[in-house]
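Letter by letter, the chains look like this.
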Amino acid sequence: MLDLAIIGGGPAGLTAGLYATRGGLKDVVMFEMGMPGGQIMNSSEVENYPGIKEVLTGMELMEPWPEQCMRFGLKHQMVQVVRVEKSGEYFKLLLADDKEELAKSVIVCTGATPKKAGFDGEDEFFGKGVSTCATCDGFFYKDKEVAVLGGGDTALEEALHLSNICKKVYLIHRREEFRAAPSTIEHIMNKDNIELVLNSSVKNVYGDKMGVTGVMTVDNDGKERDLKVPGIFTFVGMNINNRVLMQEDETPLCKLNDYGEVIVDLSMKTSIDGLYAAGDIRIFAPKQVVCAAADGATAALQVVAKAHS
Ligand code: FAD
Ligand code: NAP
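Small disclaimer: the values here were computed from a predicted structure and weren't measured. (Residues numbered from 1 in each chain as written. Chains lettered and ligands numbered in written order. Predicted model: local features only at pLDDT ≥ 70, side-chain atom pairs only at ≥ 80, totals over all residues. Heavy atoms only, no water.)

Q: An account of helix 5 (residues 153-163) is requested, with residue identities and associated values reported.
A: In an α-helix, one turn spans 3.6 residues; hence positions three or four apart end up facing the same way. Buried within helix 5 are the following residues: Ala155, Leu156, Glu158, Ala159, Leu160, Leu162 and Ser163. Of the surrounding secondary structure, the elements contacted by the buried residues of helix 5 are helix 4 (134-137), strand 9 (145-149), strand 10 (168-172), helix 6 (182-189), strand 11 (194-197) and strand 15 (232-234). (Buried < 20%, exposed > 50% of the residue type's maximum accessible area, 1.4 Å probe, protein only. Helix = DSSP H or I, 4+ residues; strand = E, 2+ residues; numbered from the N terminus. Contact = heavy atoms within 4.5 Å.)

Structure representation (structure tokens):
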């Protein structure tokens, strides 16, 4: 019987492990199906993690985290968790290697994954001009022109954010109407340095060894346009990694919002006692490493307090 099972080994899961083990919990296992570190490992430049003065790659940033946690007794099982179920007063984890584990508490830290838009060059230039995170990468384009793809709340909010940093933002959307909130659309319309490129999709991005140098769009009539920008931000939706919470009958173990994010309170507690969610998987997540780490710490401190009460 584990004192605590942590599902996912990104910034939220690792920090939960650190605080749980330092808080005196004995049997704490982090189930991470790949290398610990999470999605930030795919980033080539991180410069907004507090206390780190240099610009680091995601891998460099995360490299010391597992070792720090293991020092206090956190164990890592490299296996995918298929499902977490309630089993009496405990939780049962079904693992991809057909084994099972019982735990008194569970923190779900499985993150979220930005969807791909599917244009040519998206993978080739990812991290070299193609980005899914304006908070992370916007500053690299200070006083330059950039493109944004998408017509939802995220795309429009991030376009507004970028318009405060960049000289100009081309907002590319495949339809005439946006699906974002009316007040956000109004803000967009009032911004002088945002140009709408509507009824258009991205055909391809192109560039050189240094990165993107342009974005080719095509409208619904087949007319092409060459935007000479060094960066494009794509916001075409997120996949919330909540599969582990889905029960055999496809109902979620705890309450989710319409978008599939886990509903938590300020202590990262879900609607089920003993089950917590931390990081990008939770509602209102700012989707930043520092925030995910803080969530993990918050959730673990709750588990520690409960164990000692
Ligand atoms: P994740 O990092 O997504 O970690 C989830 C982990 O769970 C993964 O390792 C995954 O393998 C594992 N997992 C999922 N399902 C299972 C399962 N069923 N069983 C076992 N393991 C599972 N943030 C910043 O603050 N600054 C930046 O500059 C920045 N740049 C970014 C650049 C890129 C390219 C990307 C993609 C993101 C960037 N972010 C940045 C965002 C940041 O990476 C995330 O906010 C953060 O990693 C979220 O942490 P998390 O622990 O919630 O989830
Ligand atoms: P979203 O609402 O699913 O919007 C995705 C956008 O990308 C849509 O405009 C869609 O076009 C477009 N798109 C999808 N696939 C594409 C492709 N392959 N190529 C080009 N464009 C593509 O995603 P989101 O904006 O991330 O928002 C997700 C959820 O979070 C929503 O419920 C949203 O309201 C919520 N959210 C709320 C806030 C807030 O309340 N402040 C902020 C952010 C997000 P179509 O419109 O044509 O489908």
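Q: Explain the packing of aromatic side chains residue by residue, including any values.
A: The geometry of an aromatic ring pair is captured by two quantities: the separation of the ring centres and the angle between the planes. Following the criterion strictly, the structure yields three aromatic pairs and no others. Plain terms: the ring middles of Tyr141 and Phe233 are 5.6 Å apart, the flat faces sit at 85 degrees to each other, and that makes the pair edge-to-face. Within this pair, whereas Tyr141 is found in the loop between helix 4 and strand 9, its partner Phe233 is found in strand 15, the two being separated by 92 residues in sequence. The burial state of Tyr141 is the same as that of Phe233; both residues are buried. Centroid distance Phe233 to Phe235: 6.4 Å. Interplanar angle 10 degrees. Geometry classified as stacked. Looking at Phe233, the relative accessible area reads 0%, which means it is buried. (Phe/Tyr/Trp six-rings, centres within 6.5 Å; stacked < 30°, edge-to-face > 60°.)

Q: A description of the site of ligand 1 should follow, citing residues and the corresponding values.
A: Neighbouring residues of ligand 1: 30 residues in total, closest Glu32, Asn48, Cys136, Asp280 and Val289. Contacts to ligand 1 include Asp280, whose backbone N or O atom sits 2.9 Å from an oxygen atom. In isolation ligand 1 offers 1000 Å² of accessible surface; the protein chains occlude 92% of this area. Secondary-structure elements contributing two or more residues to the shell around ligand 1 are helix 1 (11-22) and helix 7 (289-308). (Near = heavy atom within 4 Å. Polar contact = N/O pair within 3.5 Å; in protein donor to acceptor, adjacent residues only side chain to side chain. Areas by Shrake-Rupley, 256 points an atom, 1.4 Å probe, with all protein chains shown as cover.)

Q: Lay out the site of ligand 2 in plain terms, naming residues and giving numbers.
A: Near ligand 2, the surroundings consist of 15 residues, among which Asp153, Thr154, Glu157, Arg175 and Arg179 are the closest. For ligand 2, an oxygen atom lies 3.0 Å from a polar atom in the backbone of Gly151. At a separation of 2.9 Å, an oxygen atom of ligand 2 approaches a polar side-chain atom of Arg174. The protein chains hide 67% of the 920 Å² of surface that ligand 2 would expose on its own.

Q: Mind laying out helix 6, listing which residues take part and the relevant values?
A: Those residues of helix 6 that sit buried are Thr184, Ile185 and Ile188. All buried residues of helix 6 project into a common sector of 100 degrees when viewed along the axis, lining one side. Of the exposed residues in helix 6, those oriented more than 90 degrees away from the buried face are Pro182 and Glu186. Buried residues along helix 6 sit against helix 5, strand 10 and strand 11. (Arc of directions from axis to C-beta.)

Q: Any chance you could break down the pairing of strand 9 for me, citing the residues and the numbers?
A: When a strand is regular, its side chains alternate between the sheet's two faces. Among the five residues that make up strand 9, four are buried, leaving the element largely enclosed by the rest of the structure. Note that strand 9 and strand 10 share five bridges and pair parallel. Residue pairing across strands places Leu149 opposite Ile172, the latter belonging to strand 10. In the classification by handedness, the crossover that spans strand 9, the intervening helix 5 and the parallel strand 10 is right-handed. The sheet contact formed by strand 9 and strand 15 spans three bridges and is parallel. Bridge pairing in strand 15 places Ala147 opposite Ile232. (Pairing = 2+ DSSP bridges. Right-handed = clockwise from strand over helix to strand, strands pointing away.)

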